[in-house]
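Descriptive structure summary
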Amino acid sequence: MTSTSRAETVLVTGATGFIGSHTWVDLLAAGHRVVGVDNFVNSSPRVLDRLRKVVDGDIDFVRLDVRDRAALGDVFRRWKIDSVIHFAALKAVGESVDIPLEYYDTNVNATLGLVRVMAEHGVRRLVFSSSCAIYGAADKVPIAEDTPARPTNPYARTKWMCEQILADLCARDPSWHVTSLRYFNPAGAHESGLLGEDPRGVPNNVMPYLAQVAVARRPELSIFGDDYPTPDGTGVRDYIHVVDLAEGHRLALDHLDDQAGHRVINLGTGAGTSVRELLAAFSAACARDLPSRVVARRPGDVAALVADAALARTALGWSARRDVADMCRDAWEFQRLNPGGYDDEEEPDELVG
Ligand code: NAD
Ligand code: WQD
């Protein structure tokens, strides 16, 4: 394992999103220069002000749609980009069943366009956002990277297709260095309380849902089934703190040159947490017993998804440092300070100035 960790100019797509914004902060703190791009389809322009506060300085940002190759080309002409972290994508599993073509266009077509523009500008270093979703219902946990992909919905298929496109590209031209990071369940927020997860509409995911129950925006958590073959019957997942995830991206960037071609690395903690355990941890964080009710299983859910996190340790020197209690504390702090999310009319007093 060797590492470059020289200062680079990094193009970050989807930069104002949940994971992109935290990674932006981490890259700047490590001395890299970041050019962020996003079209705000699933994020708020207010994130830019929050970022300026967190990093206490100016930031480079261009509003664009990553499907717009001409606009991407302008970014490569304006800055001397060394590498790319590609987060921009649509990510709601249920929505991907309803509007599959939007998902294939935004997730697959845009990735194809991006690598073409990169090639035109001689940039061949890429970290790609993949997902544990591609494993589907794996036969055994923890799940290692060589587990066969069995994506079960259009969203997961877009990620699997992108990985295959990137693998084919790298097989043909080994001057490319590409790492696809398959992350498990990102959660938590920046410790400042300025950045966090702010989904539009009703949250699909359990952690932002719990946070909204905690500020009484939702009456109770619906627990989707308690008859799974898990210790307490509820679904088990590998939750990973978004700041650990951000560090994982920076290290993946530092280690891109270790190996030519395409490689795939899980980012997870290796520890499983059930819905009931998460509910208890969040209740402890906000010092209130959060109400819940068991309802039917959610179609498509699996009993347990937990990462085998060994490769990230050996290949990147990365392992998660934060646990579920940290995630709940930080998610609660963000939600407490931003009860209506980024686009609340008024800034809470603590954030003004
Ligand atoms: P997010 O929705 O918060 O961030 C994605 C960002 O991409 C948003 O700011 C959105 O506005 C932007 N975007 C979408 N389409 C765009 C387009 N056409 N042009 C420009 N910008 C566009 O999601 P996130 O949780 O930060 O996820 C980031 C990446 O990680 C995604 O690729 C997602 O599929 C992947 N991922 C997420 C999870 C998760 O559960 N959060 C898990 C595994 C993988
Ligand atoms: C976690 C657990 C639910 C909501 C999703 C995507 C996956 C990846 C990560 C992008 C499960 C239970 C949930 C609720 C509940 N994303 N639950 N009540 O489904 O593991 O993974 O995010 O790549 O593709 O599918 O995450 O947070 O939705 O669910 O009981 O209101 O919480 O059944 O056991 P999931 P989740």
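Residues numbered from 1 in each chain as written. Chains lettered and ligands numbered in written order. Predicted model: local features only at pLDDT ≥ 70, side-chain atom pairs only at ≥ 80, totals over all residues. Heavy atoms only, no water.

Looking at the pattern of salt bridges
Applying the stated criterion to the full structure yields 24 salt bridges. One salt bridge in this structure joins Arg52 and Asp49, with 2.9 Å as the shortest N-O distance. Taken together, the residues span about one helical turn, with Arg52 and Asp49 both in helix 2 (residues 46-55) at a distance of three residues. You can call Asp49 partly exposed: its relative accessible area is 47%. A salt bridge links Asp227 to Arg297; the nearest nitrogen and oxygen atoms lie 3.0 Å apart. Of this pair, Asp227 sits in the loop between strand 8 (221-224) and strand 9 (236-237) while Arg297 sits in the loop between strand 13 (292-295) and strand 14 (304-305), placing them 70 residues apart in sequence. It is possible to trace a salt-bridge network through shared partners that takes in Arg6, Glu8, Arg125 and Asp257. (Salt bridge = Lys/Arg side-chain N within 4 Å of Asp/Glu carboxyl O. Helix = DSSP H or I, 4+ residues; strand = E, 2+ residues; numbered from the N terminus. Buried < 20%, exposed > 50% of the residue type's maximum accessible area, 1.4 Å probe, protein only.)

Regarding the site of ligand 1
Contacts to ligand 1 come from 28 residues, most closely from Asp38, Asn42, Phe87, Tyr155 and Lys159. One nitrogen or oxygen atom from the main chain of Gly17 is found 3.2 Å from an oxygen atom belonging to ligand 1. The side chain of Lys91 places a nitrogen or oxygen atom 2.8 Å from an oxygen atom of ligand 1. Coverage of ligand 1 by the protein amounts to 95% of the 810 Å² it exposes when considered alone. Of all the elements in the fold, those that place two or more residues in the shell around ligand 1 are helix 1 (18-29), strand 5 (125-131) and helix 6 (154-172). In terms of residues, the shell around ligand 1 owes the most to one element, strand 5, which gives three residues. Broken down by class, the residue content of the shell around ligand 1 amounts to 13 nonpolar, 10 polar and five charged. (Near = heavy atom within 4 Å. Polar contact = N/O pair within 3.5 Å; in protein donor to acceptor, adjacent residues only side chain to side chain. Areas by Shrake-Rupley, 256 points an atom, 1.4 Å probe, with all protein chains shown as cover. Nonpolar A, V, L, I, M, F, W, Y, C, P; charged D, E, K, R; others polar.)

Quick look at unusual backbone geometry
In this chain, Val141 is followed by Pro142 through a cis amide linkage whose omega measures -5°. With respect to the helices and strands, the residue Pro142 is situated in the loop between strand 5 and helix 6. At Asp56, a position not held by glycine, the phi torsion is positive, near 55°. Residue position: Asp56 is located in the loop between helix 2 and strand 3 (60-63).

Things to note about empty space enclosed by the protein
With the rule as written, the count across this model stands at one cavity of 30 Å³ or more. If you add up the space inside the largest cavity, you get close to 60 Å³. As for the largest cavity, its lining consists of Gly188, Glu197, Met207, Pro208, Ala211, Ala331, Phe334 and Gln335. Among the residues forming the lining of the largest cavity, the class breakdown is five nonpolar, two polar and one charged. (1 Å grid on protein atoms, 1.4 Å probe; cavity = no way out; pocket = protein on both sides within 12 Å on 5 of 7 lines; lining within 4 Å. Points joined across faces, edges and corners; volume = space filled by probe spheres on them.)

Examining the sheet that holds strand 12 (residues 273-274)
Spatially, 12-9-14 is the arrangement adopted by the three strands of the open sheet, whose pairing is mixed. Two strands in the sheet have a free side with no partner beyond their single neighbour: strand 12 and strand 14. Of the strand pairs in this sheet, strand 9 and strand 12 are connected by two bridges, and their pairing is antiparallel. Within the sheet, the bridge partner assigned to Val236 lies in strand 12 and is Ser274. (Pairing = 2+ DSSP bridges.)

Examining the environment of Arg116
Turning to its location among the elements, Arg116 is positioned in helix 5 (residues 100-120). Separated by 76 residues in sequence, Arg116 and Ser192 place their C-alpha atoms 38 Å apart.

Some remarks on the site of ligand 2
Neighbouring ligand 2 are 19 residues, the closest being Ser131, Tyr155, Ser222, Arg237 and Asp301. In the environment of ligand 2, an oxygen atom lies 3.1 Å from a nitrogen or oxygen atom belonging to the side chain of Asn205. Residue Arg237 places a side-chain N or O atom 2.5 Å away from an oxygen atom belonging to ligand 2. The leading source of residues in the shell around ligand 2 is strand 8, at four residues. Taken together, the residues that form the shell around ligand 2 break down as 10 nonpolar, six polar and three charged.

Quick look at the sheet that holds strand 2 (residues 33-38)
Here seven strands make up an open sheet; going across it, the order is 3-2-1-4-5-6-11 and the pairing parallel. Edge positions in the sheet fall to strand 3 and strand 11 (261-267), since each has one partner strand and no second. When strand polarity is set aside, the average angle formed by the axes of neighbouring strands in this sheet is 20°. Looking at chain direction, strand 1 (residues 9-13) and strand 2 are connected through five bridges and run parallel. When the bridges of strand 2 are listed, Leu11 appears paired with Val35. In the packing of helix 3 (residues 69-78) onto the sheet, the strands contacted are strand 1, strand 2, strand 3 and strand 4 (83-86), and the crossing angle to strand 1 comes to about 160°. (Axes fitted to C-alpha atoms, helices over the stretch in contact; angles between N-to-C directions. Contact = heavy atoms within 4.5 Å.)

Side note on the packing of aromatic side chains
For the structure shown, the criterion picks out four aromatic pairs. Ring geometry for Phe40 against Phe61: centres 5.4 Å apart, planes inclined by 35°, an arrangement best described as tilted. In this pair, Phe40 sits in the loop between strand 2 and helix 2 while Phe61 sits in strand 3, placing the two residues 21 residues apart along the sequence. Classification of Phe61 by relative accessible area gives partly exposed; the value is 21%. Within the aromatic cluster, the residues linked to one another by ring pairs are Trp24, Phe40 and Phe61. Here Arg297 stacks its cationic end above the ring of Tyr228, 4.0 Å away from the centre of that ring. (Phe/Tyr/Trp six-rings, centres within 6.5 Å; stacked < 30°, edge-to-face > 60°. Lys NZ or Arg CZ within 6 Å of the ring centre and 35° of its normal.)

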